[in-house]
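# Descriptive analysis of the structure
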Amino acid sequence: MMPVPRYNKVPSIKVGLSIEEAVKIMASQQSFVLQVINDKGEPVGWLNCLDILKTIIEDSAVVKIKEKSIEKLICPINEEDYLNVFGELSDISRWAEKRGHRLPYFTTTEGNAGILSVSGLLQEALEERDKERELREEAQLHFERINYIHEELEKALANLFIDPNVIVKLKSIVEYQDEYDLSTGKIKITGVIKEGTYLHVVNMLRLLAELWEQGLLELGVINKETLVNATIFHDLGKVQPPLKIGEVVDPKEAFEPGKYHAFRSALIAKNVYHLDKNVVQLIKYHHHTEEELPPDFPDGLLPMHRLFRLIDGLSAGITRRGSKVNLTVKGTIVQVKEESIHPDYNRCIEIDLCREKVSGEGREETC
């Protein structure tokens, strides 16, 4: 039989000693368990305080001890005995370690007290470890998938950005951070984002990658190449006014209508870069609502038009306001939750790409 290593963190007692000596060691060491060793110092078993108590209580010779009141044996509950069980496990562990072997452990949550069992703490720690392991594995899997899509995007960008003027132009167009005054309809410029339109395009591509990772391309109504091309070139004809931090302006007067730069960008995409007609159509009408589209707008492009306008607005919030966006794909439906530092721009909506149906509430923003 393989020799058992001795565990030095638990007090030991030789196998031949008495119960009285075992109790003394437990009391002095404040340990509820003793490691039993032989004459060679090798572990041969364990001695639990409950076994000792059971032996004593069953002995008829200790009648007087059995009848004694427990009042003098009670340890008062001190302030340091209390702990918020909803704290971090690391904090609970340090708290328990500082107290040594003192039991019971009392806990409190909103004034309620109880016993915190060490076994329960261990069980919770193990469950948290398992959850963390599962999340880590899931995150790792989500990262193979997303990384592959990003690699595809980079390849697409590399192919489309053969002309360095495209990047230069996008990086030359600023975007502005602002605070909107609902009572006046005016905005106060709070920041100037250099290379803002380039960042806007990149954020749109990231959102598209997230949707594709959730299977949006499997619907058959979304063409990846068309959307990537439209995203890169849709603001190439944009012109921004020179504004300074602190300026208060009426956005309707300071900025030209979005339809203007959409038309210019479509002309550049068509005449300079000779892009596909579907790409040109998406760019030309990306600031048009569905009701404003011309009669000859292709019905087959409507799902991509709806998606493009949605992604354009979400990216504007991310770029200008640092919004947090959560997207979920369920068939042809895209669910959106957008949280902004400006509550007026918070959105919680869902859009059916194939049925011109939008539900939920929130303010639309475009870029």
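Structural data are supplied above this passage.
Rules used throughout
Residues numbered from 1 in each chain as written. Predicted model: local features only at pLDDT ≥ 70, side-chain atom pairs only at ≥ 80, totals over all residues. Heavy atoms only, no water. Pairing = 2+ DSSP bridges. Helix = DSSP H or I, 4+ residues; strand = E, 2+ residues; numbered from the N terminus. Contact = heavy atoms within 4.5 Å. Axes fitted to C-alpha atoms, helices over the stretch in contact; angles between N-to-C directions. Expected span 1.5 Å × (residues − 1). Buried < 20%, exposed > 50% of the residue type's maximum accessible area, 1.4 Å probe, protein only. Arc of directions from axis to C-beta. Parallel < 35°, antiparallel > 145°, perpendicular 65-115°, else oblique. Left-handed = near helix turned anticlockwise from the far one by under 90°. Nonpolar A, V, L, I, M, F, W, Y, C, P; charged D, E, K, R; others polar. Polar contact = N/O pair within 3.5 Å; in protein donor to acceptor, adjacent residues only side chain to side chain.

Right, let's talk about the sheet that holds strand S8 (residues 248–249) for a bit. The antiparallel open sheet is built from three strands, whose spatial order is S6-S7-S8. The sheet terminates laterally at strand S6 (175–181) and S8, the two strands that pair on one side only. Bridging between strand S7 (residues 186–193) and S8 involves two bridges; their strand directions are antiparallel. What sits directly across from Ile-187, in S8, is Val-249. Contacts from helix H12 (residues 302–321) reach S6 and S7, with the element oriented near 90 degrees to S6.

Here the focus is helix H10 (residues 258–271). With 14 residues, H10 extends 20 Å from end C-alpha to end C-alpha; this agrees with the ideal 20 Å at 1.5 Å per step. Taken together, the buried positions of H10 are occupied by Gly-258, His-261, Ala-262, Ser-265, Ala-266 and Ala-269. For H10, the buried positions fall inside an angular range of 145 degrees around the axis, keeping them on one side. Looking at H10, the residues exposed on the side facing more than 90 degrees away from the buried face are Leu-267 and Lys-270.

What follows is about the packing of helix H1 (residues 19–29) against helix H2 (residues 49–57). At a minimum axis distance of 11 Å, the contact between H1 and H2 shows a crossing angle of 135 degrees. In terms of axis orientation, H1 runs oblique to H2. Pair H1 / H2 crosses with left-handed handedness. Where H1 approaches H2, its residues Ile-19, Ala-22, Val-23 and Met-26 are matched on the opposing element by Cys-49, Ile-52 and Thr-55. Taken together, the residues that form the contact of H1 with H2 break down as six nonpolar, one polar and no charged.

This part takes up helix H11 (residues 277–284). The periodicity of an α-helix, 3.6 residues per turn, causes residues three or four positions apart to be oriented the same way. Among all positions in H11, only Val-279, Val-280, Gln-281, Leu-282 and Ile-283 are buried. Along its buried surface, H11 packs onto helix H8 (224–233), H10 and H12. N-capping of H11 is provided by Asp-276, with a side-chain oxygen placed 2.8 Å from the backbone N of Asn-278.

A word on the environment of Asp-250. For Asp-250, the location among the structural elements is in the loop between S8 and helix H9 (251–254). With 70 residues separating them along the chain, Asp-250 and Tyr-180 place their C-alpha atoms 9.8 Å apart. When residues no more than four places from it in sequence are discounted, the contact partners of Asp-250 are Gly-185 and Lys-186.

Orientation of helix H7 (residues 196–213) relative to H12, taken along the N-to-C sense of each, is 125 degrees, at an axis distance of 8 Å. Classified by the interaxial angle, the pair formed by H7 and H12 is oblique. Once H7 is placed against H12, the crossing between them reads as right-handed. Facing Gly-196, Leu-199, His-200, Asn-203, Met-204, Leu-207, Leu-208 and Leu-211 of H7, the residues of H12 in contact are Leu-307, Phe-308, Ile-311, Asp-312, Leu-314, Ser-315, Ala-316, Ile-318 and Thr-319. Partitioning the contact of H7 with H12 into residue classes produces 11 nonpolar, five polar and one charged.

Even without a glycine there, the phi angle at Glu-195 is positive, about 60 degrees. If you trace the backbone, Glu-195 turns up in the loop between S7 and H7. Overall, the relative accessible area of 35% leaves Glu-195 in the partly exposed class. Positive phi, normally seen in glycine, also occurs at His-274, with a value near 50 degrees. As for its position among the elements, His-274 is in the loop between H10 and H11. What makes His-274 exposed here is its relative accessible area of 64%.

By themselves these figures say nothing about function.
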